[in-house]
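# Tertiary structure, described
Next come the chains, spelled out residue by residue.
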Amino acid sequence: QVQLVESGGGLVPAGESLRLSCAASGRTFSGYAMGWFRQAPGKEREFVAAIGSTGTTRNYADSVKGRFTISRDNAKNTVYLQMNSLEPEDTATYYCAASQSGSDTASVRYGMNYWGKGTPVTVSS
């Protein structure tokens, strides 16, 4: 079992930036892929970004590629999502995810995950 706690969400004007953090505990952090998903009201939860266990491999949804950057600090058991050039369409609750079994980005993007409770991000126009 893994516990994930997100922070850093809030209200921000379009064009500005936020950095989300996710602190993990309960399992060895460095061996597993991590990621971020988001869910807007009335929409399905969607993939945002994933990072492999060593931090050398990253994947992004097309909608955020070039604007968002995922990173991890294994010494701090923390994963980050730097969100730049935010748009109103980015408004959603953002969830941290930890793969239940895999070390590569595909495992967190497509496999079974542990989930945080989410942090809301609202981008005003």
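So, here's what we can say about the structure. The structure displayed is predicted, hence computed values, not measured ones.

Summed over all chains, the structure comprises one disulfide. Paired by a disulfide, C22 and C96 hold their sulfur atoms 2.0 Å apart. Disulfide C22 to C96: torsion about the S-S bond roughly -85 degrees, handedness left-handed. Here C22 is found in strand β3 (residues 18-25), whereas its partner C96 is found in strand β9 (residues 92-99), with 74 residues between them in sequence. Overall, C22 belongs to the buried group, its relative accessible area being 0%.

In this section: the pairing of strand β11 (residues 119-124). Across a regular strand the side chains alternate sides, sitting on one face of the sheet and then on the other. Residues T119, V121 and V123 of β11 are buried on one face, while the alternating residues P120, T122 and S124, pointing to the opposite face, are not. Two elements, strand β2 (residues 10-13) and β11, share four bridges in a ladder whose sense is parallel. Bridging from a neighbouring strand, P13 pairs with S124 of β11. Where β9 meets β11, three bridges bridge the pair, whose relative direction is antiparallel. Each bridged residue has a counterpart across the sheet, and for T93 the counterpart in β11 is P120.

Turning to the pattern of salt bridges, a few remarks are in order. Inspection of the entire model under this criterion finds four salt bridges. For R38, the salt bridge goes to E46, with nearest N and O atoms at 2.6 Å. Given the relative accessible area of 30%, E46 is considered partly exposed. Put simply, K65 and D62 hold a salt bridge, and the shortest N to O gap is 3.6 Å. Residue K65 is classed as exposed on the basis of its relative accessible area, which comes to 51%. For D62, a relative accessible area of 68% gives the class exposed.

Definitions and limits used
- One numbering rule holds for all chains: residues counted from 1, following each sequence as written.
- Since the coordinates come from a predicted model, pLDDT governs what is reported: local features require at least 70, and pairs of side-chain atoms require 80 or more to be given and counted, while whole-chain, interface and lining totals use all residues.
- Think of the side-chain values as coming from all heavy atoms in the structure, minus any hydrogens and water.
- Only a pair of cysteine sulfur atoms within 2.5 Å qualifies as a disulfide here.
- Secondary structure elements follow DSSP: runs of H or I no shorter than four residues count as helices, runs of E no shorter than two count as strands, and numbering proceeds from the N terminus.
- Categorising residues by exposure relies on relative accessible area from a 1.4 Å probe, with only protein chains included: less than 20% of the type maximum marks a residue as buried, more than 50% marks it as exposed, and the intermediate range marks it as partly exposed.
- Whether two strands pair depends on DSSP finding at least two bridges between them.
- In the sections that follow, a salt bridge refers to a side-chain nitrogen of Lys or Arg positioned within 4 Å of a carboxyl oxygen of Asp or Glu.

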